[in-house]
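# Commentary on secondary and tertiary structure
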Amino acid sequence: MGNQLIKNTHIDKDPIGNGGVGAQWKMYSGHRLDRDKRPVGIFMYDKKALAKMSTSIKEEYLQTLKKEPQTLARYKHPNILSILEPLIEDPKAMGYVTEQVIGSLYSMLAAQRTADIFPGELETKFHLLDLIEALQFLHNDVKTCHLSISPENIYITPDGKWKIAGLTFATQLVQNSTANSPVEFMTMGGDVKLTPNLKFTAPEVADSPSQCTFASDMFSLACLVYTIYKVGADKNCSNPYLINVNSVHDHREFVKRIDREDFSCIPSALRPTIIRMLNNDPNMRISINDFANNAFFKDPFIQTVKCLENLYQKDLPQQQTFLRGLARIILKFEPKFIKTKIIPLLNELMKNEQLASSILPIYFALMDSPDYLSKQDFTTLIWGAIKGLATGREIPAQALYLMIEHTEKLIEYVEIKEFQSTFVPLLGKSFECGVPKIQTIAIKRVEALYQKIEYNVLKSQILPRILILCTDPNIDVRKVAIILLSKIYTVFDKHILNDQVLSTLEKVRKLNNNYKINMTVLSIFEGISKNIGTDVIIT
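Now for a look at the structure at hand. Every residue gets a number counted from 1 within its own chain, in the order that chain's sequence is written. Confidence filtering applies because this is a predicted model: local features only for residues at pLDDT of at least 70, side-chain atom pairs given and counted only at 80 or more, and all residues used for totals across whole chains, interfaces and linings. Side-chain metrics in this entry use all non-hydrogen atoms of the structure; hydrogen atoms and water are not considered.

### Focus: helix H14 (residues 375-390)
Helix and strand assignments come from DSSP, with helices taken as H or I runs of at least 4 residues and strands as E runs of at least 2, each series counted from the N terminus. What a helix should span is 1.5 Å times the count of its residues minus one. Taking 1.5 Å as the rise per residue, H14 with 16 residues should run 22 Å; its terminal C-alpha atoms sit only 19 Å apart, a clear shortfall. Values of bend correspond, residue by residue, to the angle between axes fitted over the seven residues ending at that residue and the seven starting there. Along H14, the sharpest kink reaches roughly 60 degrees, centred on Ile382. Within the sequence span of H14, burial applies to Asp377, Phe378, Ile382, Trp383, Ala385, Ile386, Leu389 and Ala390. Tucked into the core, H14 has its buried residues touching helix H12 (335-349), helix H13 (356-367), helix H15 (397-405), helix H16 (407-413) and helix H17 (416-432). Relative accessibility decides the category of a residue: with a 1.4 Å probe and only protein chains considered, values under 20% of the type maximum give buried, values over 50% give exposed, and everything between is partly exposed. The contact criterion used throughout is that any non-hydrogen atoms of two residues lie within 4.5 Å.

### A few points about the pattern of salt bridges
Counted as salt bridges are all cases of a side-chain nitrogen of Lys or Arg within 4 Å of a carboxyl oxygen of Asp or Glu. Counted according to the given criterion, the structure contains 25 salt bridges. The salt bridge partner of Arg285 is Glu204, with a shortest N-O separation of 2.8 Å. Of this pair, Arg285 sits in the loop between helix H8 (271-277) and helix H9 (288-292) while Glu204 is found in helix H5 (residues 203-206), placing the two residues 81 residues apart along the sequence. In this structure, Arg285 and Glu204 share a single accessibility class: buried. A salt bridge links Lys409 to Glu412, with the shortest nitrogen-to-oxygen separation between them at 3.4 Å. In this pair, Lys409 and Glu412 are both assigned in helix H16, three residues apart and thus about one turn of the helix distant. With a relative accessible area of 49%, Glu412 lands in the partly exposed category. Each of the salt bridges in this network shares a partner with another, and the network as a whole consists of Glu133, Lys306, Glu309 and Lys341.

### Digging into H15
Within H15, burial applies to Ala399, Leu400, Tyr401, Leu402, Met403 and Ile404. At its buried positions, H15 is contacted by H13, H14, H16, H17 and helix H18 (436-449).

### A few points about the side chain of Glu152
By the element assignment, Glu152 lies in the loop between strand S8 (144-145) and strand S9 (154-156). The side chain of Glu152 sits in the buried core without any salt bridge; Lys199 is the nearest counter-charge, 8.7 Å away. Excluding residues that lie within four positions of it along the chain, Glu152 makes contacts with Gly19, Gly20, Ala23, Ser104, Tyr106 and Asn197. Under the convention used here, Asp and Glu are negative, Lys and Arg are positive, and both His and the chain ends fall outside the count.

### Notes on a nonpolar patch on the surface
Without a salt bridge and with relative accessible area above 30%, a residue can belong to a patch; like charges are then joined within 9 Å and nonpolar side chains (Val, Leu, Ile, Met, Phe, Trp, Tyr) within 5 Å. Per-residue and other accessible areas were derived by the Shrake-Rupley procedure at a 1.4 Å probe size, with only the shown protein chains allowed to occlude residues. A surface patch of nonpolar side chains, amounting to about 330 Å² of accessible area, comprises Tyr515, Met519 and Leu522. The residue Leu522 is located in helix H22 (residues 515-532) in this model. For Leu522, a relative accessible area of 40% corresponds to the partly exposed category.

### Here we look at the pairing of strand S3 (residues 25-32)
Burial within S3 is extensive, with six of its eight residues counted as buried. Pairing of strand S1 (residues 9-11) with S3, which is carried by three bridges, proceeds in the antiparallel orientation. Considered in S3, the bridge of Thr9 is made with Arg32. Across three bridges, the pairing between strand S2 (residues 17-19) and S3 is antiparallel. The residue bridging Gly17 from the neighbouring strand is Met27, located in S3. For two strands to pair, DSSP has to find at least two bridges joining them. Linking S2 to S3, which pair antiparallel, is a turn of five residues; within it Gly20 sits at a positive phi near 85 degrees. In the sheet, S3 pairs with strand S4 (residues 39-46) via six bridges, with the strands oriented antiparallel. Bridge assignment links Ser29 to a residue of S4, and that residue is Gly41.

### Quick word on the environment of Asp493
Tracing the backbone through its elements, the reader meets Asp493 in the loop between helix H20 (475-488) and helix H21 (494-509). Sequence spacing of Asp493 and Lys48 is 445 residues, and the spatial spacing of their C-alpha atoms is 78 Å. Pairs of N or O atoms within 3.5 Å make up the polar contacts considered here, provided that, within protein, one atom can donate a hydrogen while the other can accept it, and that residues adjacent in sequence are counted only when both atoms are side-chain atoms. From its side chain, Asp493 meets the backbone nitrogen of His495 in a polar contact 3.2 Å long. A distance of 2.9 Å separates a polar side-chain atom of Asp493 from the backbone nitrogen of Ile496.

### Examining the side chain of Glu85
Looking at where Glu85 falls in the secondary structure, it is placed in strand S5 (residues 83-89). A polar contact is formed between the side chain of Glu85 and the side chain of Arg32, at a distance of 2.3 Å. Residues within four places of Glu85 in sequence aside, it is in contact with Ile6, Lys7, Thr9, Arg32, Tyr96 and Val97.

### Considerations on the sheet that holds strand S10 (residues 162-164)
Taking strand neighbours across the sheet as the criterion, the three strands line up as S7-S9-S10 in an open arrangement whose pairing is antiparallel. Two strands bound the open sheet, and with one partner strand each, they are strand S7 (103-104) and S10. Pairing analysis gives three bridges linking S9 to S10, with the strands arranged antiparallel. Bridge pairing in S10 places Tyr155 opposite Lys163. Axis lines are fitted to C-alpha atoms, over the contacting stretch for helices. Their N-to-C directions set the angle, which ranges from 0 to 180 degrees. Packed on one face of the sheet, helix H4 (residues 121-141) meets S9 and S10 and runs near 25 degrees to S10.

### Points about the packing of helix H19 (residues 455-469) against H21
H21 packs onto H19 with a crossing angle of 20 degrees between their chain directions and a minimal axis gap of 10 Å. In terms of orientation, H19 and H21 fall into the roughly parallel class. In the crossing of H19 with H21, the sense of the turn from one axis to the other is left-handed. Contacts from Tyr455, Lys459, Leu463 and Leu467 of H19 reach H21 at Ile496, Gln500, Val501 and Thr504. Residues are grouped as follows: Ala, Val, Leu, Ile, Met, Phe, Trp, Tyr, Cys and Pro are nonpolar; Asp, Glu, Lys and Arg are charged; every other residue, Gly included, is polar. Tallied by class, the residues present in the contact of H19 with H21 amount to five nonpolar, two polar and one charged. Throughout this description, any angle smaller than 35 degrees is read as roughly parallel, any larger than 145 degrees as roughly antiparallel, any in the 65 to 115 degree range as roughly perpendicular, and the remainder as oblique. Crossing handedness follows the turn of the near helix against the far one: under a right angle anticlockwise gives a left-handed crossing, and clockwise gives a right-handed one.

### What to know about the packing of H4 against helix H10 (residues 300-309)
Two quantities define a packed helix pair, namely the angle between the helix axes and the distance between the axes. Following both chains from N to C, one finds H4 and H10 inclined at 60 degrees, their axes separated by 10 Å at the closest point. As the angle between them shows, H4 and H10 are arranged oblique. Read as a crossing pair, H4 and H10 show a hand that is right-handed. Note on element contacts: H10 touches H4 through Phe301, Ile302, Val305, Lys306 and Glu309, opposite Leu122, Lys125, Phe126, Leu129 and Glu133. Residues belonging to the contact of H4 with H10 are distributed by class as follows: six nonpolar, no polar and four charged.

What follows is the structure, encoded as C-alpha cells:
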C-alpha cells in the first residue's frame, strides 16, 4: 500500500509496527530509489478505517492525524524524529517519510521485544538521556509542552537511539505558566476522538477543562520510566503500565493514591525522583533540567561515553590519553552497549590515522574476549575500520607495529583470502620500513602464519623480502630473518632453493656474523644438501 502515493521510494510489503497518536500509523521500512538508496521509514494510514464514521467526525479525525507530521516538521533536533518528505494524501491513503526506524516503543511492547525496551542498565540510561535532551529542547528552547509522551511516540533508530515524535497536541507556553491544552478526553454522544495515551497522561491534562504545564510532561515521562523498568524487572511485557486504566474516572481515582504503588522495579537511586514526578500537584514535580542533573545520570560510564562523543573537540594528546584509559576499562561496559554505542564512535575516530595506535588496543581487547565480540560482530562492526587503515596510503609506525603484532589474532577473524590481500602487503611494508623493531615482529609473525598462507603468495611476496633481510646491516634483524628461513625453507621447491636461497646464504657467509647466525646458516646448508645434493651446494 502507498507505493503509488509516495514516489521514488521502495516500501517493504509488511509493516514493522504501529506508532503515532492512538498508534494509528502503520510503519514500514524502505529505501530511496535514487543512487544512494538511503534507508527510510514510511508512515501510512489507510482511510478505509474511517468508513463507518460520519463525515464531520471523519474530517476531525483526519485533521488530528495530519497534524502529527505537520507539527513534527517544525521541530529540528537530533533526538526528535526527522521528517524527510512531508505529508502526502490521496482519497485512499496518506503517508509521510522519515529517517529510518526499526519500530516504536509501542510496537516493541506489542511484540514482547523486551531486550529492545530494556537492553541493560547502562544502555537504558542513555535511552532516557535521549528523551531528556529532546524534552530539554522543547521546554527550554521552544517553550513547548509535548503532552503525549508515551510508547507510541518513542521511536528507535537502527543505531539504537531513541527519538521523540507525536507532537500532535504540543502546546507552546509563556515561561512556566499554565495553559489550556488542546486535549479533550470527555466526549459527548459517543464521539470518537484521538487523544494522548491515558495511561501516560498527567491528571491536569485528563481533567476537563484540560490544563497543561511543562510539569505535565514530567508526569508522563515518569510513567514511561516505570514501564521501561517494569519490563526489565519482569522480563516480559504482560503488565508494564503504572496507570493501567481506560477511563478518565478510573484515571482520576488511581492518581489520588499513586504514591502507594509498588515502585521496586525502579532503581533505588532514581525511585524518589520518579515518585515526585508523579505528584498530583504539578508545582511539586521537578523540571526536566533537574531530572537531567539527577545523580543517577552521573554514572562514570555515562560520563566516559559522553566524553568519547565529544572527543573530536579535544587536541591530539588529550584524545590519545583518553583512548588509552578507555582501553583499560572497555570490558567493564555491557557487550551490547559496546557494539551499539562505543564501536561506532571509535570507528569514526579511526578516520584520523594519528589515533589508530590508541584505538587498536581497544579492538584487540574485545577480540580477546569472545563474549564481547563474535566473528560476525567483528566483520560487521570493526573489520571495515581496520582494513581501511591497513590498505591506506600511509600508516603510522606504532599502528603498523600493533597490527603486525596481532596478525595471529586477526587471521582467526578474517577469511584467508581477505587476510592475504590485506595483511600480506602490510607485512611487505613492515619488512621494508627500515625500523628494526617493526621488521623483527613482522618476521616472527611469518613464522607463526606461513602454513596458513598460500604457497604462491609465500613464494612471490614473502620469501624474496625475507631473503633481503637475511643480509640486512642490522645484525638483530639479520638473525631473526635467518632463523625464520631455517623454519620455512623446506616448503619451497628445488628450483627456488637453488636459485634464490643458496645464493642468499652465500652472501650471508661473507658478512660479519655471530655464532648463532653461522650455526643456523650451516643447518640450512645441511638440510638443503639432503634435498638437492652436495654437489649443487659446492658448485
